Amino acid sequence: MLNFDILTTDPTSHARRGTLTLNHGPVQTPIFMPVGTYGTVKGVMPRSLEEMGAQIILGNTFHLWMRPGLDVMASFGGLHQFEKWNKPILTDSGGFQVWSLGAMRKISEEGVKFASPVNGDKLFLTPEVSMQIQTILNSDIVMQFDECTPYDTNGHITTEAEARTSMELSLRWAARCKTEFARLENPNALFGIVQGGMFENLREESLAALVEMDFPGYAIGGVSVGEPKEQMLHIMGHTPHKLPAHKPRYLMGVGTPEDLVQGVADGVDMFDCVMPTRNARNGTMFTRFGDLKMRNARHKMDPQPVDPSCTCHACAGTSGVSWNDGGREGFSRAYLHHLDRCGEMLGPMLCTIHNLHYYLNLMREIREALDAGRFAEFRQQFKSDRARGV
């Protein structure tokens, strides 16, 4: 099941505000989706995810197929019961992970042969198998199996002819996914994925063919795969708003806070990225006033929280009152710096809570600005705040 209602649009951009209703509940858009590769968002308790306002999270088809395996998933009736998350889940198709195997995989018309990175078993992932795995996972949004068109392969920039071959293969796989999804009588929603590399004409061909197949929603794939930032932004500006207005649009694997705000302006409704969690584990924090590196020695004695304006548990403690509003229950930069230096696991846990809260709160502020008809003003203030520096 999928229903998508557009509540308002922004007259100064392609931004829109909506409600996406799925089998496990509603999702207010635009939304950021935390990535939970192995059935967990690394370092964060499910309760913390709910407290910080997560509405939908991701699972990874490829990795869950490897471990714990489909027999375990089936015994629990899917991923929701297994990881005790009762809100919506989106699963990717495995295409990106197969692409990342590089020379370890062999792509054919039928599918992809590769050796399991876990135990070396010879495996064969096809559009049909991807649909079967995702049906067992019972994810609310299922992604078509596609070939992620590379930007650069060992120093060779993908040509238009190579990108066309890849894009057309993904279209044939999309049709097979749709057929198998229907055969399995999966009650959830299947999204098609627009490919075409950095070539506008290929993107438009892919988009037109997928729209003709009439998927419940659409994603823009094949970005943030090593291309220069300006080319990624170009595709972001070119493709999303050309997708059907009455269906949700998902930009896969992007990106920085600036990318999210620009993506919303370009007409995107849904985002995911490992950046907030991965950067947190490396001590890089996102704040309203720019990025902050916890490993810098200047934080050794600093009593302030990561972001004095933030109400997350790391910055404001159990009170939820920010430092700027008089709260003093949060953890100091000095303490987080100490945890990082000592390799204590609480450090990346608190940093992850903050980064995810920042991303989810940013999207909440975007939704509020759209509701109030102030998105243009919000974008200006956001840019000014981030440029100020911590």
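Given the structure is predicted, the values throughout are model-derived calculations rather than measurements. (Residues numbered from 1 in each chain as written. Predicted model: local features only at pLDDT ≥ 70, side-chain atom pairs only at ≥ 80, totals over all residues. Heavy atoms only, no water.)

Caption draft 1: Spotlight on the layout of surface pockets. Estimated volume of the largest pocket: approximately 790 Å³. At the level of secondary structure, the elements contributing two or more residues to the lining of the largest pocket comprise strand 5 (57-60), helix 5 (95-100) and helix 11 (275-281). Among the elements that line the lining of the largest pocket, the one with the most residues is helix 11, at five residues. (1 Å grid on protein atoms, 1.4 Å probe; cavity = no way out; pocket = protein on both sides within 12 Å on 5 of 7 lines; lining within 4 Å. Points joined across faces, edges and corners; volume = space filled by probe spheres on them. Helix = DSSP H or I, 4+ residues; strand = E, 2+ residues; numbered from the N terminus.)

Caption draft 2: Quick peek at the packing of helix 8 (residues 200-213) against helix 9 (residues 229-238). Contact pair helix 8 / helix 9: the axes reach a minimum separation of 11 Å and the direction vectors enclose 40°. As judged from the angle between their axes, helix 8 and helix 9 are oblique. Judged by the sense of rotation from one axis to the other, the crossing of helix 8 with helix 9 is right-handed. Contacts between helix 8 and helix 9 pair Glu 200, Arg 203 and Glu 204 from the former with His 234, Ile 235 and His 238 from the latter. (Axes fitted to C-alpha atoms, helices over the stretch in contact; angles between N-to-C directions. Parallel < 35°, antiparallel > 145°, perpendicular 65-115°, else oblique. Left-handed = near helix turned anticlockwise from the far one by under 90°. Contact = heavy atoms within 4.5 Å.)

Caption draft 3: Looking closely at the sheet that holds strand 9 (residues 122-125). An order of 7-8-9 is seen for the three strands of this open sheet, with the pairing classed as antiparallel. Pairing within the sheet leaves two strands with one partner each, and these edge strands are strand 7 (105-107) and strand 9. Neighbour-to-neighbour, the strand axes of the sheet open up by a mean angle of 15°, direction not taken into account. Bridge count for strand 8 (residues 112-115) against strand 9 is four bridges, and the pairing is antiparallel. If you follow Ala 115 over to strand 9, its bridge partner there is Lys 122. (Pairing = 2+ DSSP bridges.)

Caption draft 4: Looking closely at helix 7 (residues 160-183). Compared with an ideal rise of 1.5 Å per residue, which puts 24 residues at 34 Å, helix 7 spans 35 Å between its outermost C-alpha atoms and is within 8% of the ideal. If you check which residues of helix 7 are buried, you get Ala 163, Ser 166, Met 167, Leu 169, Ser 170, Leu 171, Trp 173, Ala 174, Arg 176, Cys 177, Glu 180 and Phe 181. Tucked inside the fold, the buried residues of helix 7 contact strand 7, strand 8, helix 6 (127-137), strand 10 (141-143), strand 13 (189-194) and helix 8. Positive backbone phi, approximately 55°, marks Glu 185, located one or two places after helix 7. (Expected span 1.5 Å × (residues − 1). Buried < 20%, exposed > 50% of the residue type's maximum accessible area, 1.4 Å probe, protein only.)

Caption draft 5: Examining the side chain of Asp 266 more closely. Here Asp 266 is to be found in the loop between helix 10 (257-265) and strand 16 (270-272). Arg 379 provides the closest opposite charge to the buried, salt-bridge-free Asp 266, at an N-O distance of 6.4 Å. Apart from residues lying up to four places away in sequence, Asp 266 is in contact with His 14, Met 236, Gly 237, Pro 240 and His 241. (Lys, Arg positive; Asp, Glu negative; His and termini not counted. Salt bridge = Lys/Arg side-chain N within 4 Å of Asp/Glu carboxyl O.)

Caption draft 6: Structural detail: the nonpolar core. One finds Leu 49, Phe 114 and Ile 366 to be the most contacted residues of the largest nonpolar core, which totals 87 residues. When residues of this core are assigned to their parent elements, the largest contribution, 12 residues, is made by helix 14 (residues 346-372). Apart from residues lying up to four places away in sequence, Ile 366 is in contact with Pro 30, Val 261, Val 264, Phe 375 and Phe 378. In terms of nonpolar packing, the next biggest core, distinct from the first, is built from 20 residues, Leu 20, Met 33, Ile 56 and Met 252 among them. (Core = buried A, V, L, I, M, F, W, Y, C linked by side-chain atoms within 4.5 Å.)

Caption draft 7: Inspection of the packing of helix 6 against helix 7 at higher detail. In contact at an axis separation of 8 Å, helix 6 and helix 7 are set at 40° when each is read in the N-to-C sense. By the angle between their axes, helix 6 is oblique relative to helix 7. When you trace helix 6 past helix 7, the crossing you get is right-handed. Facing helix 6, whose interface residues are Pro 127, Glu 128, Met 131 and Gln 132, helix 7 presents Trp 173, Arg 176, Cys 177, Glu 180, Phe 181 and Arg 183. In terms of residue class, the contact of helix 6 with helix 7 is built from five nonpolar, one polar and four charged. (Nonpolar A, V, L, I, M, F, W, Y, C, P; charged D, E, K, R; others polar.)

Caption draft 8: Quick look at the side chain of Thr 158. One can find Thr 158 in the loop between strand 12 (156-157) and helix 7. In this structure the side chain of Thr 158 is engaged in a polar contact, spanning 2.6 Å, whose partner is the backbone oxygen of Pro 150. Setting aside its immediate chain neighbours within four residues, Thr 158 contacts Thr 149, Pro 150, Tyr 151, Asp 152, Ala 163 and Phe 199. (Polar contact = N/O pair within 3.5 Å; in protein donor to acceptor, adjacent residues only side chain to side chain.)

Caption draft 9: Molecular detail of the pairing of strand 8. Pairing geometry for strand 7 and strand 8, over three bridges, is antiparallel. The partner of Arg 105 across the bridge, within strand 8, is Phe 114. Here strand 7 folds back onto strand 8, and the loop between the two strands holds four residues. The antiparallel hairpin formed by strand 8 and strand 9 contains six residues in its connecting segment, where Gly 120 sits at a positive phi of about 85°.

Caption draft 10: Here's a closer look at the environment of Phe 114. Within the element layout of this structure, Phe 114 appears in strand 8. The class for Phe 114 is buried, based on a relative accessible area of 3%. Distance from Phe 114 to Ile 31, taken between C-alpha atoms, is 34 Å for residues 83 residues apart in sequence. Among residues more than four places away in sequence, those in contact with Phe 114 are Phe 62, Trp 65, Met 66, Val 98, Leu 101, Met 104, Arg 105, Asp 121, Lys 122, Leu 123 and Leu 125.

Caption draft 11: Geometry of a nonpolar patch on the surface. On the surface, Tyr 335, Met 345, Leu 346 and Met 349 cluster together into a nonpolar patch covering about 360 Å² of accessible area. Tracing the chain through its elements places Tyr 335 in helix 13 (residues 333-342). (Patch = residues over 30% accessible without salt bridge, like charges linked within 9 Å, V, L, I, M, F, W, Y side chains within 5 Å. Areas by Shrake-Rupley, 256 points an atom, 1.4 Å probe, with all protein chains shown as cover.)

Caption draft 12: Quick peek at empty space enclosed by the protein. Tallied over the full model, the rule gives one cavity of 30 Å³ or more. The calculated volume of the largest cavity comes to roughly 50 Å³. The wall of the largest cavity is formed by 11 residues, among which Gly 95, Val 98, Ile 107, Asp 146 and Glu 147 lie closest to the centre. Residue contributions to the lining of the largest cavity peak at three residues, all from helix 5. Along the lines of polarity and charge, the residues of the lining of the largest cavity split into seven nonpolar, one polar and three charged.

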